[in-house]
Amino acid sequence: GADATFTTSCTGRFHPLEPCRAVDTRSGTPLADGVPRVVTLLGACQIPAEAKAVCANVTATQSTRGGLVSVYPADVASTGTSVVHFGSGRTRASSTMIKLSPDGRARLEASVPTGGTVHVIVDVSGYFD
């Protein structure tokens with residue numbers, strides 16, 4: 001159930017949530033090559049203030065070229081680590097843990113060469129406190 005918890009050695013207790021779509025850029029502007037976008041996850045999908053990270057499925061879709069998407073805390077310049085690699089026009093997804101900034105935000109960044117774009121979807125399934 002949604003109240004089950006377990007302890008992990010690296011980030012604290014995991015709290016599952018009913019799967020929920022926290023971010024979907026398809027309702028607006030896609031991510032552009034090298035232009036980070038900060039998103040607030042605190043409060044979305046019942047993510048509470050004590051959340052330090054979320055478990056999520058990150059999907060890249062409707063890309064104009066092949067590339068990659070990175071997701072990291074909003075208070076970090078960049079991690080240099082990609083979460084999802086994708087081909088032109090392909091839809092690809094990857095499950096990951098997204099660390100949050102202290103104010104509950106994350107930064108999405110796409111690398112899509114020669115001015116390409118990609119839409120990103122973030123579906124949350126739980127959080128770590």
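Rules of the game
- Residues numbered from 1 in each chain as written.
- Predicted model: local features only at pLDDT ≥ 70, side-chain atom pairs only at ≥ 80, totals over all residues.
- Heavy atoms only, no water.
- Helix = DSSP H or I, 4+ residues; strand = E, 2+ residues; numbered from the N terminus.
- Buried < 20%, exposed > 50% of the residue type's maximum accessible area, 1.4 Å probe, protein only.
- Contact = heavy atoms within 4.5 Å.
- Salt bridge = Lys/Arg side-chain N within 4 Å of Asp/Glu carboxyl O.
- Phe/Tyr/Trp six-rings, centres within 6.5 Å; stacked < 30°, edge-to-face > 60°.
- Pairing = 2+ DSSP bridges.
- Axes fitted to C-alpha atoms, helices over the stretch in contact; angles between N-to-C directions.
- pLDDT = per-residue confidence, 0-100.

### Looking at the overall build of the protein
Within the protein one finds zero helices and 10 strands. Its helices and strands in sequence order give the protein the pattern β-β-β-β-β-β-β-β-β-β, from N to C terminus. Seen through its C-alpha atoms, the protein measures out along the principal axes to roughly 45 × 30 × 25 Å. Residues counted as buried form 42% of the 129 residues belonging to the protein. Across the protein, every contact between residues at least 6 apart in sequence was considered, and the portion connecting residues at least 24 apart equals 78%.

### Section: the side chain of Thr59
Within the fold, Thr59 resides in strand 5 (residues 53–61). Ignoring anything within four residues of it in the chain, the contact list for Thr59 reads Thr91, Arg92, Ala93, His119, Val120 and Ile121.

### Some points on the pattern of salt bridges
Applying the stated criterion across every chain, the model contains four salt bridges. Across the salt bridge formed by Arg21 and Asp24, the nearest N and O atoms sit 4.0 Å from each other. Relative accessible area serves as the criterion here: at 23%, Asp24 is assigned to the partly exposed category. Arg26 is the partner of Asp24 in a salt bridge, and the nearest nitrogen-oxygen pair spans 2.7 Å. Several salt bridges share partner residues, and in doing so they unite Arg21, Asp24, Arg26 and Asp123 into one network.

### Observations concerning the environment of Glu18
The residue Glu18 is located in strand 2 (residues 12–24) in this model. By relative accessible area, Glu18 is classed as exposed at 65%. Spatially, the C-alpha atoms of Glu18 and Gly28 are 25 Å apart, while their sequence positions differ by 10 residues.

### Topic: the packing of aromatic side chains
Taken as a whole, this structure holds one aromatic pair when the rule is applied. Taking 5.1 Å as the distance between ring centres and 55° as the angle between the ring planes, the aromatic pair formed by Phe14 and Phe128 counts as tilted. Linking Phe14 in strand 2 with Phe128 in strand 10 (residues 117–128), this pair joins segments that are 114 residues apart in sequence. The burial state of Phe14 is the same as that of Phe128; both residues are buried.

### Digging into the sheet that holds strand 4 (residues 37–40)
Strand order in the open sheet formed by four strands is 4-9-6-7, with antiparallel pairing between adjacent strands. The sheet terminates laterally at strand 4 and strand 7 (84–86), the two strands that pair on one side only. Shown here is a sheet whose adjacent strand axes are inclined to one another by a mean of 25°, direction ignored.

### Observations regarding the confidence of the model for the protein
Looking at the protein as a whole, its pLDDT mean stands at 91, while 91% of the residues score no less than 70. Taken as a whole, residues 1–10 scores under 50 in pLDDT and shows 14 contacts with residues more than four places along the chain or in a different chain.

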